[in-house]
Amino acid sequence: MSAESSPKIVIVDESPVRAAILEEGLREAGFTGVSHIGEMQNLLARIYALDPDVILIDLENPSRDVLEQMFQVSRAVRRPIAMFVDQSDAASIQASVDAGVSAYIVNGLKKERIKPILDLCISRFNAFAKLQDELERTKTALEDRKVIDRAKGILMKLKGLTEEEAYVLLRSTAMHEKKKMAEIAQSILTASQLLK
Amino acid sequence: MTRPLCIGFIPLVDAAALILAVDKGFTEAEGLEVTLVREVSWSNVRDKLNIGLFDAAHLLAPVAIASSLGIGHVKVPIAAPFNLGLNGNAITVSTSLHAAIMSEIENGRTDPMATARALARVVATRRKDGADPLTFAMTFPFSTHNYQLRFWMAAGGVDPDEDVRLVVLPPPYMVDSLANGHVDAFCVGAPWNSVAVDLGVGHILHFVSDILERAAEKVLALRQDWSEKNPQIVAALVRAAFRAAEFIEQPENRAEAARILARPERIGVDAEIIQRTLDGRLKISPEGALRESSSYLLLGREDAARPDPVQAAWLYAQMIRWGQSSLSPEALRTAMAVFRPDLYDAALVRNGESAAPGRIGAFTGPAFESNDVAAYLASFVIGRQKS
């Protein structure tokens, strides 16, 4: 069985960036047979065509329910598939649901061999979420800085302060009112708009 | 309470009692703080309930039973103290399949036996012509949709595993798949049948109430151990959902209910379509033919909200008929014990008497008896029952 060397892994994910991050991680870890399905139409047919040993799918994907059908004994099923996470793996379920990924294995592949794949998945999914989070925060920080700079400008002009003094005034006001500097700066901008 | 209750739901009209319970303040009046979480798949709802990310969930009744029996997935005992809906699904077929079925029927076009036999003739003709088998979509392996489709077509002589392709498709993808020919028909809950009709790509062939008079569709599902530890919260949830169902069942409240349900963070489709399904007055053909049914979707009236263990037994019998499980007296007891009329009665201070007819009311086959499932199942010719 080819799975003895490197199992065939299919990533079902509509996010091409996340899929690429995961794919790269799996390849680096020595899993060479990795493919990606980003198109959900005829999903089962696509999966059967690739004949994977492991299927990874993100939890935001409604097509997860389609995969559940593969456990059913019926004509459409060419290979019975069992879910990796079973009674003994409550911690794994928790970790993967938290990370937003779910793994399914095809019968015959040993659970010990799946563990490193799932662990890698969880860490890559978490890394992706963190990356998005950081991106979001960087964006906000940039916005905040622009607002603060403009508020400083207004204070300097109206109160004849140096840049340093305007900054200190903003910061101490924020501390005093238990608000963020950006919020104080925003109120200054709003007030100056109103008073124009 | 230390944190708000977290309750998952799928954007479907039969989540109405749960959504209104929160959005109309019935839960708040019971002293509950609730966060509703919209989910994209039944697998997610099941898993998040199982591992405790959700305290409660809007769940397919058969999934609650399968989960309690450990069929197809992790075994987690579920308690269902409230029925969120009876019926509510419909079978929609493409315009071409509709024409093919209708050309095989002389009269009785809403008679499910007539349509099922007509389907059998369509299937036979296609086979003779070497055409691909028809594809029917439903929402989940453990779903009433799956069992309703199977029950119906098998009655006409169509084997759902041999003669057609029966596939799982997420409800939001149903209409597109019908439009582009990937499926020929589907069985799904509201609002998706109406969406297909409005777009002119399908006809509603049956309300599922044509097939079964009363079928438990979605339940309010709780982990059994959690429900035992939090009896007061359970009772408060049941009361809030009951009030919400009562509210929705008042015709003068339907427009407001539909508006709330239509919000993007809830069901996210047009309020008018939602109201049609609440009223049970649906446009069934793109040409505009209307059909009205008092049993299309029951959200609380006729005692619909009170869980009926006989319903659970019937669903378990379907799992056996179609090879998902095998018959055992112990499993039957477990399945029936998922539905908890005792919790419902305790919450609403009722004496345990039910006004409901207490039957499945299938259009064909013997009356269902939960104390003789084996004899009931033996009466069907088509099935995958394991010996």
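Treat the numbers as computed from the prediction; the structure is a model and nothing was measured.

> Honestly, the overall build of chain A in this entry has me stumped. Any pointers?
Summing up its helical and strand segments, chain A has seven helices and five strands in all. Seen in sequence order, chain A has helices and strands lined up from the N terminus as β-α-β-α-β-α-β-α-β-α-α-α. Classification of the 196 residues of chain A by burial places 32% in the buried group. Put simply, 60% of the contacts in chain A that link residues at least 6 apart link residues at least 24 apart.

> Looking at this model, I keep getting lost on the interface of chain A and chain B. Mind explaining?
How large an interface is tends to be reported as the accessible area lost when its parts come together. Contacts between the two partners involve 24 residues from chain A and, on the opposite side, 28 residues from chain B. At four residues, helix 3 (residues 64-68) of chain A tops the list of elements feeding residues into the side of chain A that touches chain B. Across the side of chain A that touches chain B, the residue classes tally to nine nonpolar, nine polar and six charged.

> Honestly, the nonpolar core in this entry has me stumped. Any pointers?
Within soluble globular proteins, side chains that are nonpolar generally end up buried alongside one another. Ala17, Phe186, Ala221 and Ala241 of chain B are the most contacted members of the largest nonpolar core, which totals 173 residues. When neighbours within four sequence positions are excluded, alanine 241 of chain B is seen to be in contact with Ala17, Leu18, Ala21, Phe82 and Leu220 of chain B. Core analysis: the second largest hydrophobic core is formed by seven residues, Ile148, Ala151, Leu155 and Ile188 of chain A among them.

> Sorry if this is basic, but what is going on with the sheet that holds strand 7 (residues 165-168) of chain B here?
Hydrogen bonds along the backbone pair up the strands of a sheet, which may run parallel or antiparallel. All names here are of chain B. Read across the sheet, five strands follow the order 7-6-8-5-9 without closing on themselves; strand pairing throughout is mixed. Each edge of the sheet is formed by a strand with only one pairing partner; in this case those strands are strand 7 and strand 9 (202-207). Going across the sheet, the axis of each strand differs from the next one's by a mean of 25°, ignoring polarity. Strand direction decides the pairing type here: strand 5 (residues 89-94) and strand 9, joined by five bridges, are antiparallel. What sits directly across from threonine 92, in strand 9, is isoleucine 204.

> Whenever I open this one, unusual backbone geometry confuses me. Can you help?
Apart from glycine, the bulk of residues carry a negative phi angle, and the bulk of peptide bonds sit in the trans form. Following alanine 190 of chain B, the chain continues into proline 191 of chain B via a peptide bond in cis, with omega recorded as 10°. Looking at the secondary structure, you find proline 191 of chain B in the loop between strand 8 (185-189) and helix 9 (192-198). For aspartate 51 of chain A, which is not glycine, the phi torsion reads 50° and is therefore positive. Of note, aspartate 51 of chain A is situated in the loop between helix 2 (43-50) and strand 3 (54-58).

> Help me understand the confidence of the model for chain B in this model?
Segments scoring low in pLDDT should not have their predicted coordinates read at a detailed level. Across chain B, the average pLDDT comes to 94, with 98% of residues at 70 or higher. Across the whole predicted complex the pTM is 0.86, and at the interface the ipTM reaches 0.89.

> Sorry, what's going on with the sheet that holds strand 2 (residues 34-38) of chain B here?
Residues and elements named next belong to chain B. What the six strands build is an open sheet, ordered 2-1-3-10-4-13; its pairing is mixed. Edge positions in the sheet fall to strand 2 and strand 13 (297-298), since each has one partner strand and no second. Docked against the sheet, helix 4 (residues 61-69) engages strand 3 (56-60), strand 4 (78-87) and strand 10 (216-223), running at close to 45° with respect to strand 10.

> Teacher, can you tell me more about the environment of alanine 80 of chain B here?
All names here are of chain B. One can find alanine 80 in strand 4. On the basis of neighbour counts, which here come to 30 C-beta atoms within 10 Å, the residue alanine 80 falls in the buried class. Once residues within four sequence positions are removed from consideration, alanine 80 is found in contact with Ala64, Val219, Leu220, Ala221, Pro307, Val338, Phe339 and Arg340.

The rules behind each value
Residues numbered from 1 in each chain as written. Chains lettered and ligands numbered in written order. Predicted model: local features only at pLDDT ≥ 70, side-chain atom pairs only at ≥ 80, totals over all residues. Helix = DSSP H or I, 4+ residues; strand = E, 2+ residues; numbered from the N terminus. Buried ≥ 20, exposed ≤ 12 C-beta atoms within 10 Å, placed from the backbone. Contact = placed C-beta atoms within 7 Å. Nonpolar A, V, L, I, M, F, W, Y, C, P; charged D, E, K, R; others polar. Core = buried A, V, L, I, M, F, W, Y, C linked by C-beta atoms within 7 Å. Pairing = 2+ DSSP bridges. Axes fitted to C-alpha atoms, helices over the stretch in contact; angles between N-to-C directions. pLDDT = per-residue confidence, 0-100.

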